[in-house]
Amino acid sequence: MFAMRYKMIGLKIAYYRKLRGYTQGQLAGKIGISTTYLGQIERGNNGKSYSLETLLLIAQGLDVDVNLLMNAGENI
């Protein structure tokens, strides 16, 4: 159930990252996480959770409202 939610959040992160012209490495460096970890999050993190703090950092790094990333009804 949650695996699909993580996948959708990951797709939205990748979408907004690319829209802003960032590579995974650039965004990861900007918010202080590893490129590998950001890649895992963008791929849905195999349904494993990550912290709200991490999601907020990503949203801040992308300059988007965190609700855009979390809203399941919002299409990209």
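Bear in mind that the values here come from a model prediction, so they are computed numbers and not experimental data.

About the cut-offs
Residues numbered from 1 in each chain as written. Predicted model: local features only at pLDDT ≥ 70, side-chain atom pairs only at ≥ 80, totals over all residues. Heavy atoms only, no water. Helix = DSSP H or I, 4+ residues; strand = E, 2+ residues; numbered from the N terminus. Rg over C-alpha atoms; globule rule 2.2 N^0.38 Å. Buried < 20%, exposed > 50% of the residue type's maximum accessible area, 1.4 Å probe, protein only. Contact = heavy atoms within 4.5 Å. Areas by Shrake-Rupley, 256 points an atom, 1.4 Å probe, with all protein chains shown as cover. Lys, Arg positive; Asp, Glu negative; His and termini not counted. Charge placed at Lys NZ, Arg CZ, Asp CG, Glu CD. Axes fitted to C-alpha atoms, helices over the stretch in contact; angles between N-to-C directions. Parallel < 35°, antiparallel > 145°, perpendicular 65-115°, else oblique. Left-handed = near helix turned anticlockwise from the far one by under 90°. Nonpolar A, V, L, I, M, F, W, Y, C, P; charged D, E, K, R; others polar. Arc of directions from axis to C-beta. Salt bridge = Lys/Arg side-chain N within 4 Å of Asp/Glu carboxyl O.

**Student:** Now, about the overall build of the chain: what can you tell me, with residues and values included?
**Tutor:** Helix and strand counts for the chain stand at five helices and zero strands. From first element to last, N terminus to C terminus, the chain shows the α and β order α-α-α-α-α. By the compact-globule yardstick of 11 Å for 76 residues, the chain fits well, its C-alpha radius of gyration being 11 Å. Its C-alpha atoms give the chain principal-axis dimensions of about 30 × 20 × 20 Å. Per-residue burial over the chain gives 37% buried out of 76 residues. When contacts within the chain are restricted to residue pairs at least 6 apart in sequence, those whose partners lie at least 24 apart make up 64%. Surface exposure of the chain reaches about 4,600 Å², of which carbon and sulfur atoms provide 53%. Looking at the chain, you have 9 positive and 5 negative side-chain charges, and the mean spots of the two groups are 10 Å apart.

**Student:** Hey, could you go over the packing of helix 1 (residues 2-19) against helix 4 (residues 52-62) for me, with residue numbers and the actual values?
**Tutor:** The interhelical angle for the contact between helix 1 and helix 4, taken along N-to-C directions, is 25 degrees, at an axis separation of 10 Å. What the angle tells us is that helix 1 and helix 4 run roughly parallel. At the point where helix 1 passes helix 4, the crossing takes the left-handed sense. Across from Ile9, Ile13, Tyr16 and Arg17 in helix 1, the residues of helix 4 making contact are Leu55, Ile58 and Leu62. A per-class count over the contact of helix 1 with helix 4 returns six nonpolar, no polar and one charged.

**Student:** Describe in detail helix 4, supporting the description with residues and values.
**Tutor:** Thr54, Leu55, Ile58, Ala59, Gly61 and Leu62 are the residues of helix 4 that are buried. All buried residues of helix 4 lie within an arc of 165 degrees about the axis, which places them on one face of the element. Seen from the buried face of helix 4, the exposed residues on the opposite side, beyond 90 degrees, are Leu52, Glu53 and Gln60. Buried-residue contacts for helix 4 involve helix 1, helix 2 (24-31), helix 3 (35-42) and helix 5 (66-70). At the C-terminal side of helix 4, Asp63 shows a positive phi close to 60 degrees.

**Student:** With reference to specific residues and values, describe the pattern of salt bridges.
**Tutor:** Under the criterion given, the structure shown has one salt bridge. The partner of Arg17 in a salt bridge is Glu42, with the nearest N and O atoms 2.6 Å apart. Pair noted here: Arg17 is in helix 1 and Glu42 is in helix 3, with a separation of 25 residues, a long-range link. Classification of Arg17 as buried rests on a relative accessible area of 8%.

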